[in-house]
Amino acid sequence: MEEQQDRNGRVITITSGKGGVGKTTTTANVGAALAARGKSVVLVDADIGLRNLDIVLGLENRIVYDIVDVVEGRCRLRQALIRDKRLANLALIPAAQTRDKEAVSPDQMQELCRELRQQFDFVLIDSPAGIERGFRNAIAGADEVLVVTNPEVSAVRDADRIVGLVEAAELPPPRLIVNRIDPELVRRGDMLSVEDVLEILAIPLIGVVPADESIVTATNRGEPVALDPSSRAGQAFRDIAARLLGEDVPFQPLEAPDGVWRRMLRALGFGGRT
Amino acid sequence: MLDGERLEASVRVRGTQDGVRLVLPRDVAFPSILAHVHDVLEARAAFFRGAALVLDFSEREPVLEEIVALQRLLDARGVRIQAISAETPEHRERLARWGFRTELAGSPRRLRLVEPGAEEAPDGSATYVRRTLRSGMSVEAEGHLVVIGDVNPGALVVAGGDVLVWGVVRGTVHAGRNGDTGAVIAALRLAPMQLRIAQLVARAPDRGAHLLDAPALARVVDGQIVIEPWRIERR
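All values reported here derive from a predicted model rather than from experimental measurement.

A.B. asks: I'd like to hear about the confidence of the model for chain B, residue by residue, with values.
C.D. replies: Residue and element names in this part refer to chain B. Confidence in the prediction for chain B averages 80 pLDDT; 81% of positions are at 70 or higher. No element of chain B has a lower mean pLDDT than helix 1 (residues 4-10), at 52, and none a higher one than strand 9 (residues 163-169), at 96. Confidence drops under a pLDDT of 50 for residues 1-8, and excluding neighbours within four residues, the segment shows 5 contacts in the predicted structure. The low-confidence segment residues 105-123, where pLDDT is below 50, has 32 contacts with residues more than four positions distant or belonging to other chains. Across the assembled chains, the prediction reports ipTM 0.73 with pTM 0.67.

A.B. asks: Go over the sheet that holds strand 15 (residues 224-229) of chain B, please, and point to the residues and values.
C.D. replies: Residue and element names in this part refer to chain B. An order of 5-7-9-11-14-15 is seen for the 6 strands of this open sheet, with the pairing classed as mixed. Whereas interior strands pair on both sides, the edge strands pair on one side only; in this sheet they are strand 5 (126-129) and strand 15. On average, each strand axis in the sheet is inclined to that of its neighbour by 25°, with strand direction left out of account.

A.B. asks: Let's hear about the pairing of strand 14 (residues 216-221) of chain B: which residues, and what values?
C.D. replies: All names here are of chain B. Relative to strand 14, strand 11 (residues 185-190) runs antiparallel, the two being bridged by 3 bridges. When the bridges of strand 14 are listed, alanine 187 appears paired with alanine 216. As judged from the 6 bridges shared by strand 14 and strand 15, these two strands associate in the antiparallel manner. Looking at strand 15, one finds that leucine 217 is bridged to glutamate 228. Counting the residues that bridge the hairpin from strand 14 to strand 15 gives 2 residues, and of these aspartate 222 lies at a positive phi of roughly 50°.

A.B. asks: So, unusual backbone geometry: which residues are in play, and what are the values?
C.D. replies: A positive phi is found at Ala202(A), a non-glycine position, where the angle reads about 50°. Along the chain, the position of Ala202(A) falls in the loop between helix 9 (194-201) and strand 8 (205-210). The backbone of Ala198(B) sits at a positive phi, close to 55°, despite the residue not being glycine. Residue position: Ala198(B) is located in the loop between strand 12 (194-197) and strand 13 (200-203).

A.B. asks: Break down a nonpolar patch on the surface for me, citing the residues and quoting the values.
C.D. replies: On the surface, a nonpolar cluster with roughly 210 Å² of combined accessible area is contributed by Leu64(B), Val68(B) and Trp98(B). Residue position: Leu64(B) is located in helix 4 (residues 64-76).

A.B. asks: Now, about helix 4 of chain B: what can you tell me, with residues and values included?
C.D. replies: All names here are of chain B. Over its 13 residues, helix 4 runs 18 Å from end to end, which matches the ideal 18 Å to within 8%, given 1.5 Å per residue. Looking at helix 4, one finds that the buried residues are Glu66, Ile67, Leu70, Leu73 and Leu74. Projected onto a plane normal to the axis of helix 4, the buried residues spread over an arc of 130° and lie on a single side. In helix 4, the exposed residues that point more than 90 degrees away from the buried face are Glu65, Arg72, Asp75 and Ala76. The secondary structure elements touched by the buried residues of helix 4 are helix 2 (30-43), strand 3 (52-56), strand 4 (80-85) and helix 5 (89-97). Note on helix 4: the residue one or two positions beyond its end, glycine 78, has a positive phi of about 70°.

A.B. asks: Could you give an account of the packing of aromatic side chains, with specific residues and numbers?
C.D. replies: What the rule picks out here adds up to 0 aromatic pairs over all chains. Over the face of the ring belonging to Phe251(A) we find Arg243(A), whose NZ or CZ atom lies 3.9 Å from the ring centre.

A.B. asks: With reference to specific residues and values, describe the interface of chain B and chain A.
C.D. replies: Taken residue by residue, the interface counts 12 residues in chain B and 11 residues in chain A. Three residues, Arg134(B), Ser135(B) and Arg170(B), lead the burial of chain B against chain A; their summed loss comes to 55% of the area buried on that side. Taken together, chain B and chain A are joined by 5 salt bridges.

A.B. asks: Provide a residue-level description of the pattern of salt bridges, including the pertinent values.
C.D. replies: In the structure shown here, the tally under the stated rule is 31 salt bridges over all chains. Across the salt bridge formed by Arg170(B) and Glu199(A), the nearest N and O atoms sit 3.5 Å from each other. Here the residue Arg170(B) occupies a position in the loop between strand 9 and strand 10 (172-175), and Glu199(A) occupies one in helix 9, the pair thus bridging two chains. Between Glu228(B) and Arg219(B) there is a salt bridge whose closest N-O contact spans 3.1 Å. The network of salt bridges with common partners includes Asp69(A), Glu72(A), Arg74(A) and Arg99(A).

A.B. asks: Got a sec to walk through the pairing of strand 3 of chain B? Specific residues and values, please.
C.D. replies: All names here are of chain B. In terms of burial, strand 3 is a largely internal element, 4 of the 5 residues being buried. Of the pairings in the sheet, the one linking strand 3 to strand 4 comprises 5 bridges and is parallel in character. When the bridges of strand 4 are listed, valine 54 appears paired with alanine 83. Handedness of the crossover joining strand 3 and strand 4 through helix 4 is recorded here as right-handed.

A.B. asks: Describe the sheet that holds strand 10 of chain B, naming the residues involved and giving the relevant values.
C.D. replies: Residues and elements named next belong to chain B. Taken in spatial order, the 5 strands make up an open sheet running 6-8-10-12-13, and their pairing is mixed. Both edges of this open sheet fall to strand 6 (138-141) and strand 13, since each of them pairs with a single strand only. Ignoring strand direction, the axes of neighbouring strands in this sheet form an average angle of 10°. Bridge count for strand 8 (residues 156-159) against strand 10 is 3 bridges, and the pairing is parallel. Across the sheet, valine 158 pairs through a bridge with histidine 174, a residue of strand 10.

Conventions used here
- Residues numbered from 1 in each chain as written.
- Chains lettered and ligands numbered in written order.
- Predicted model: local features only at pLDDT ≥ 70, side-chain atom pairs only at ≥ 80, totals over all residues.
- Heavy atoms only, no water.
- pLDDT = per-residue confidence, 0-100.
- Helix = DSSP H or I, 4+ residues; strand = E, 2+ residues; numbered from the N terminus.
- Contact = heavy atoms within 4.5 Å.
- Pairing = 2+ DSSP bridges.
- Axes fitted to C-alpha atoms, helices over the stretch in contact; angles between N-to-C directions.
- Patch = residues over 30% accessible without salt bridge, like charges linked within 9 Å, V, L, I, M, F, W, Y side chains within 5 Å.
- Areas by Shrake-Rupley, 256 points an atom, 1.4 Å probe, with all protein chains shown as cover.
- Salt bridge = Lys/Arg side-chain N within 4 Å of Asp/Glu carboxyl O.
- Expected span 1.5 Å × (residues − 1).
- Buried < 20%, exposed > 50% of the residue type's maximum accessible area, 1.4 Å probe, protein only.
- Arc of directions from axis to C-beta.
- Phe/Tyr/Trp six-rings, centres within 6.5 Å; stacked < 30°, edge-to-face > 60°.
- Lys NZ or Arg CZ within 6 Å of the ring centre and 35° of its normal.
- Buried area = accessible area lost by both parts, 1.4 Å probe.
- Right-handed = clockwise from strand over helix to strand, strands pointing away.

Structure follows, in structure tokens:
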């Protein structure tokens, strides 16, 4: 009985089309960053059958009820909400692992979003890959959409498809997160740059997340990098959260981190442009 | 007084590459010309409404009062005079001195001949799409197709006639799908996955697909699709 008044929160769906570009990591980290800023946040894992968000947050062992239990009325919404172990104002509604996307309808998702937005400032929905039922469920109750892509031709192609579908659903133009950009590869011309991606997608940019090994280890440990003040990727996620809050945050300069190896090469005269 | 047939021949309406021309005869008194133009406008009101034409004095000596009378008549029916032309340099000079344009600057290339009385242009009208076509979207048109926006990779555009893209073509465009090898594809930038004109197919090079960073036009030359940059100064 902690929340009485309607918070009238924002429902934001994180999607991508292509799988494996970092939707779930983005959802967890942007959510954690918003929660660290004092907002009440609930993350909804809409990837029914391929439950992941709980693992990234290190909350798998706490799951009793899931999203399908809620929409089918087997439990109350409150019972399915898992409170994060680090941030008191961050919660998760896990996906069902033993069911599939057809277990939830777009109407049910809309209803769920309506209930959640009364209790939370932000409702972040982690969309499954693809453009089918799972995706349509994920955007059914959304006010805004964030599209995650990698600087790869196939990921950008799928993101473009998704942007078209979001526009067709009469939602506002989605905002773009370019994830796993490697400044060194871009510099060598071996990777699409953020500008290349923007030229095709032509939607507003809300975040650029550098490729960062620490994300892999943090994800495996169930620790959002957004809570690690020394992580460059974590800073990028915190910046996205700040931009969602309407703050005008400049984009971090995309330089390759000056590692020992590069410094040594430069000392030997191989450093190239700095 | 002229009989019907001679009257028919007095003022000629010609569809030309530059559009519609109203050609005035040399030896006919002006009042009957005025009457005839009036009849022509009445008979083909729908065709002329909102049109712009060239008033061609041909060998007839231009007289300011006649021009003014014709202009008033045409104005009343929503027809605009684009230019007034004449056969001899002296006559053209005189028209220019009065402040009229004597010829159209740079006639458009592929303007189709439109004969008065024809219901519509031979290829039908153009379809107009004002948005970027993203991956997975497709648009088909019977006639010409105009896209204001980009055609992204994974998008497909098909038209019976020409395709004009005011944007970047990165996807696949098919013009003249019913076999019209005269169809063209024009875009602000052509970096297509594939272009098709009639039954011909041109695809992007597998390696080093470079982007022609200029407006360009693709057409069929000797049974092959060729892409040429569009140079404004040439035309």
